[in-house]
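The primary structure of each chain is shown beneath.
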Amino acid sequence: MPLKNIYAQQFENKGKLIEQKIQAIFFYLDENDFDFTEQPNQFGKSLFNGIDIKTENDIFSIGNRFVNLRNGLSINVGSTYNFEFIDDEKKPVAFNTKIIGQAIKSIDIFWMEILWEGATALYPQEIEILSDDGYFLISSIEINEGQVNTEYTDELLIIDKKDIARKLKLGQFGVEDNGRKYFQNLESLLIDK
């Protein structure tokens, strides 16, 4: 599929989520992942698979599969089971966070220019979900030994506190000096290319 069509799908799917009320957020975890994370750290929850966001109308999956199973975040309609291989030992576990029960007011995608396989392209690095008083950020950042290791990976870092996103310069806090780009719509992204 041409990159333009993949870009368009992300803007379309984020639009479907706006104004919907979040009923539940599911992580895919082994039973021994007691603290909702697969790589313990002080920043948030580090996961190897995508997550599901259940609304009153649908289920949306966010994971690292923009182009394939590695290159950037992707919002898809349907359960993560439909888009990724999940080990049989992993089960969906509801993650309790402030944004549950609230309507989504906005979703912003923050992009990075990445050189991959000989060409530079824009890839979604963070997806930021806001409600009236809730904050939820999904980042394609890897955590190793409790520390942020590298961006643009096949893992997820989930943050539900704005001050941590600010400290790490993720999402809206990375536009000025951390290589993030924000586009209001598909047209503005295509003009930038």
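To keep things clear, this report deals only with the structure shown in the data block. Since this is a predicted model, take the numbers as computed values, not measurements.

1. Comments concerning the overall build of the protein
The secondary structure content of the protein amounts to three helices and 13 strands. Considering only C-alpha atoms, the protein reaches an extent of 45 × 40 × 35 Å along its principal axes. Here the protein, with 193 residues, has 51% of them falling under the buried criterion. When contacts within the protein are restricted to residue pairs at least 6 apart in sequence, long-range pairs at least 24 apart make up 62% of them. Within the structure as shown, the protein displays about 9200 Å² of accessible surface, and the carbon and sulfur contribution to it stands at 48%. The centroid of the 20 positive side-chain charges in the protein is displaced by 5 Å from the centroid of its 32 negative side-chain charges.

2. Thoughts on helix α1 (residues 3-17)
Compared with an ideal rise of 1.5 Å per residue, which puts 15 residues at 21 Å, α1 spans 22 Å between its outermost C-alpha atoms and is within 8% of the ideal. Among the residues of α1, Ile6, Tyr7, Gln10, Phe11, Asn13, Lys14 and Leu17 are the ones counted as buried. Looking down the long axis of α1, one finds its buried residues gathered within 165 degrees of arc, a one-sided arrangement. Residue Glu19 follows α1 closely and has a positive phi angle near 80 degrees.

3. Overview of the packing of aromatic side chains
Per the stated rule, a full pass over the model turns up seven aromatic pairs. Ring centres of Phe27 and Phe36 lie 6.4 Å apart, and the angle between their planes is 80 degrees; this geometry places the pair in the edge-to-face category. Given the relative accessible area of 0%, Phe27 is considered buried. Under the relative-accessibility criterion, Phe36 is labelled partly exposed at 25%. Through successive ring pairs, a cluster of aromatic residues spans Tyr7, Phe11 and Trp111.

4. Remarks on the sheet that holds strand β3 (residues 51-55)
Across the sheet, five strands lie side by side as β5-β4-β3-β1-β6; this open sheet has antiparallel pairing. Of all strands in the sheet, those with a lone pairing partner are β5 (73-77) and β6 (91-94), marking the two edges. Between one strand axis and the next, the sheet turns by 25 degrees as a mean value, whatever way the strands run. The pairing of strand β1 (residues 22-29) with β6 spans four bridges and is antiparallel. Opposite Tyr28, over in β6, you have Pro92 as the bridge partner. Along the sheet, α1 makes contact with β3, β4 (59-64) and β5, crossing β5 at roughly 60 degrees.

5. Examining the side chain of Asn76
Mapped onto the elements, Asn76 comes out in strand β5. Overall, Asn76 belongs to the buried group, its relative accessible area being 9%. A distance of 3.0 Å separates the side chain of Asn76 from the side chain of Ser74, its partner in a polar contact. Leaving out residues up to four positions away in the same chain, Asn76 has contacts with Gln9, Asn13, Ile59, Phe60, Ser61, Arg65 and Phe83.

6. Considering the nonpolar core
Of all hydrophobic cores here, the largest spans 37 residues; its most connected members are Ile51, Trp111, Ile129, Phe136 and Ile138. Every residue in contact with Ile51, bar those within four places of it in the chain, is listed here: Ile25, Phe26, Phe27, Phe60, Ser61, Ile62, Thr80, Phe136, Ile138, Leu156 and Ile158. Among the nonpolar cores identified, the runner-up in size contains 13 residues, and Leu130, Ile141, Leu170 and Phe173 belong to it.

Rules used in this analysis
- Residues numbered from 1 in each chain as written.
- Predicted model: local features only at pLDDT ≥ 70, side-chain atom pairs only at ≥ 80, totals over all residues.
- Heavy atoms only, no water.
- Helix = DSSP H or I, 4+ residues; strand = E, 2+ residues; numbered from the N terminus.
- Buried < 20%, exposed > 50% of the residue type's maximum accessible area, 1.4 Å probe, protein only.
- Contact = heavy atoms within 4.5 Å.
- Areas by Shrake-Rupley, 256 points an atom, 1.4 Å probe, with all protein chains shown as cover.
- Lys, Arg positive; Asp, Glu negative; His and termini not counted.
- Charge placed at Lys NZ, Arg CZ, Asp CG, Glu CD.
- Expected span 1.5 Å × (residues − 1).
- Arc of directions from axis to C-beta.
- Phe/Tyr/Trp six-rings, centres within 6.5 Å; stacked < 30°, edge-to-face > 60°.
- Pairing = 2+ DSSP bridges.
- Axes fitted to C-alpha atoms, helices over the stretch in contact; angles between N-to-C directions.
- Polar contact = N/O pair within 3.5 Å; in protein donor to acceptor, adjacent residues only side chain to side chain.
- Core = buried A, V, L, I, M, F, W, Y, C linked by side-chain atoms within 4.5 Å.

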